[in-house]
Each structure stands twice: as structure tokens, then as C-alpha cells.
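Structural characterization, general
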Amino acid sequence: MRLLRAVKGLVVSPRKIGGVGPALVLMLTRRCNLKCRTCLRGAAADEDLAPELIDGLFSQAVKMGFRAVCLTGGEPILHPDFERIVGKAAAAGLRLVVVTNGQRYEDYLEVLEPVRRKVAFVAVSLDSHRREVNDAIRGKGVFDRAVAAARAFRLSGYPLKISHVVTRENFRGLRSFVEFVRRSLKPNNINIVGVIVTKENSGLALDAAEKEEFFAELKALSAEHGNLAPTASSGYIRELMFCSNFNSFNELSVNPSGEVIFCCDNPGGGVVLGRLGEQKLEDIAARLFRAQAALKGALVRDRLNSAEGCTSDCNYCGKLLRDLEY
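Residues numbered from 1 in each chain as written. Predicted model: local features only at pLDDT ≥ 70, side-chain atom pairs only at ≥ 80, totals over all residues. Heavy atoms only, no water.

Things to note about the pairing of strand S3 (residues 23-27)
Here is the rule we go by: Type-normalised accessible area, obtained with a 1.4 Å probe on protein chains alone, sets the label of each residue: buried when under 20%, exposed when over 50%, and partly exposed for intermediate values. Each helix is a run of DSSP H or I of at least 4 residues and each strand a run of E of at least 2, with the numbering of both proceeding from the N terminus.
Of all five residues in S3, five are buried, a share of seventy percent or more. Residues Ala23, Val25 and Met27 of S3 are buried on one face, and the alternating residues Leu24 and Leu26, pointing to the opposite face, are buried as well.

Now the structure itself:
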């Protein structure tokens, strides 16, 4: 059953991978061809998820009820075995979600063509409708390639999501951004997220007053546009939120080290639950359930007793998990 949250008059759906059902999230690589200032992963590195850890994982995931695999990174196509991984996931019966910065879209189109019927959607990152603002965040020339990528995926018949990270440098342009994207790129969905704070990107996060200004605009836009998907994972929605990782076995995330982590949006490598190849997947899943329960209890206590009152934040979640016993 799909859970809905009413937050300050805005209905926010729990975090699911585009409505495709429970998803295995693979951070395939730490390699990246960009140096985005908003990145929560840290510096790029030549580290890839070992193919031998992936072999057999897809069939296990299907048996456990997963219906999709989300391929992310870094930039996922930079994994040396990307094409084979895509083929094995599709052969196992999983739908494919691909998250990309769009800079190598021609390569994606070539690799995905044999499995195009299994692609649930492609998510392309774009942080402004203004070239100079987007490229100040993501790098020179990125805007033009990302826009070209979005159009190419759409023209090729792939469902398209635009992922937009809200920062101090772009949040007042949200309305113009949404209107540009809907008019020019025609995506199925626009995902609105906030900066997940690290020591490198903290200057881009909204302060308390800016969050309220942003949320008022988001609420108005959500009433006007049916394909906005705000994600309450960054403290930008200052209400009690139970994300989908609390409520169900909705995601299982693996980082490039082969570690199974609580959530791919936890800063850094994520809170480690176990390691593929060293522990059984069912034992790691059991630890996930225990972590969910411990986190729920701590979150409710803090919500009732904390003066700060902000609990919808991946940084808050990650810190709690590192301190809790489960």
C-alpha cells in the first residue's frame, strides 16, 4: 500500500525509485567525469564494485521481492563491466533505473538498446534552467550536454526523470526551472531534492529562513504541476518524516566496496550493515530491519524532546545510526 504524508499542506510520497517497487541500489563505481559541488559521495576514485560480488546477487534480489535495480555511482557507465551488469540484471527479470549526469548519453543509448524494454526510466541531473548557474555547480559545458541527453533519451522512447538539487544558488529560480523543464524536456517526473550536507558542500545548503521560502514556492508549484516529486531527505521539509527505508523493505543499497549500507543517501559511504561475500544476504537484511526499528524509536524520542525539532535529514539519520545499537 502506498503511504502518503501530508506535510504543511503538501502531499509528499515516500521515497521510491520512480514507483517501480522495491529496488536494489548499486553504487557501481566511485569514478566520475564531473566534480559537482553538491556531491555527497566525496572525491572521485578508481574504485568499482567487483563483478564477482554482483554475480548471483540479482537472482537473490528477485527471490527477496525486489523488482528493480538502480544503477548509480559516481557515473555508472564508467564501471568497466557496465554493459555486462546491465545484461545480467535484465536477464534476471529486474527493471533498470539508470542515474546519470548525461555527459556520455550516446554510450548509454548504445548499451541500453538491447534491453530497452526493461528500462523503467533514466534520471538526468540538471540544477538550473540557466546555463551559467548550472555550470557553476556542475562544471563548464555540463548544461548543454545534460539538456541534449534528456532530449535524446526522451526521443528514443525512454521514460525520463530530471533530478534537481536545490541550493542557495538556484532555489529562487525553482518556478522558472520547472516551467523550462516541462516545456523543453517534457520529462515524466521532476525530482526535487536538497543538499545532503558534507564538509565540502555545506555552504550550498539553505538556512532556516530560506527553507521556508523554498517550501512555500514548492507547495504552490506542486499544486500546479502533477509530476513534481519532492523528496524529504535533506532537512528542507521541517516535519516528522518516516522515509521509505523506515517503513518497508523498499531499498537495499550496495556501495563500490561491496558494503551493504542502510541508505545510498547517507553521506559518505553510508552506514554499513554488512559486506557481500562475507555475510549472508538474509543476515544483512535482518540487520536492516533492526536498524529501522532502532532508528524509528530514536527519531520519535528526538522529535518529542529535541529543541531543534528537525528530523527529516539524512545527516541526522546517519549520525543516529552510527550511535545506535541494533
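Quick word on the pattern of salt bridges
Between side chains of opposite charge, a pair can form as their charged atoms come close. For clarity, the cut-off: Here, a salt bridge means any Lys or Arg side-chain nitrogen found within 4 Å of an Asp or Glu carboxyl oxygen.
Overall, the coordinates contain 22 salt bridges when judged by the stated rule. Between Lys88 and Asp55 there is a salt bridge, with the nearest N and O atoms lying 3.7 Å from each other. Residue Lys88 is located in helix H3 (residues 82-91), and its partner Asp55 is located in the loop between helix H1 (51-54) and helix H2 (57-63); the two are separated by 33 residues in the primary sequence. Between Arg172 and Glu213 there is a salt bridge, and its shortest N-O distance comes to 2.9 Å. Linking Arg172 in the loop between strand S7 (160-166) and helix H7 (174-184) with Glu213 in helix H8 (residues 208-224), this pair joins segments that are 41 residues apart in sequence. Residues joined in a network through salt bridges with shared partners are Asp55, Asp81, Arg84 and Lys88.

As for the sheet that holds strand S6 (residues 119-125)
For the record, the criterion: Strands pair, by our definition, only if DSSP identifies at least two bridges between them. Under this scheme, a helix contributes an axis fitted over its contacting stretch, all axes are lines through C-alpha atoms, and angles between N-to-C directions fall in the 0 to 180 degree range. Every residue pair with non-hydrogen atoms within 4.5 Å of one another is taken to be in contact.
A sheet is described by the order of its strands in space; here 10 strands give the open sequence S9-S8-S7-S6-S5-S4-S3-S10-S11-S12, paired in mixed fashion. At either end of the open sheet lies a strand with only one pairing partner, and these are strand S9 (228-230) and strand S12 (272-275). For this sheet, the mean inter-axis angle between neighbouring strands, taken without regard to orientation, is 25°. Here S3 pairs with strand S4 (residues 68-72) via five bridges, running parallel. The residue bridging Val25 from the neighbouring strand is Cys70, located in S4. Its contacts with the sheet place H7 against S7, strand S8 (189-194) and S9, and it is angled at close to 155° to S8. Its contacts with the sheet place H8 against S7, S8 and S9, and it is angled at close to 145° to S9.

So, a positive patch on the surface
Quick note on the threshold: Patches were defined on residues exceeding 30% relative accessible area and lacking a salt bridge, with like-charge contacts within 9 Å and nonpolar side-chain contacts (Val, Leu, Ile, Met, Phe, Trp, Tyr) within 5 Å. The Shrake-Rupley method, run with a 1.4 Å probe sphere, supplies the accessible areas, and residue values consider only the shown protein chains as cover. Neither His nor the chain ends contribute to the count of charged residues, in which Lys and Arg are positive and Asp and Glu negative. For charged residues, the charge sits on one atom: NZ in Lys, CZ in Arg, CG in Asp, CD in Glu.
A grouping of Arg151, Arg154, Arg183 and Lys186 is seen on the molecular surface, where their side chains present a positively charged patch. Within the secondary structure, Arg151 sits in helix H6 (residues 142-155). Owing to a relative accessible area of 43%, Arg151 belongs among the partly exposed residues under this scheme.

Structural measurements only, silent on function.
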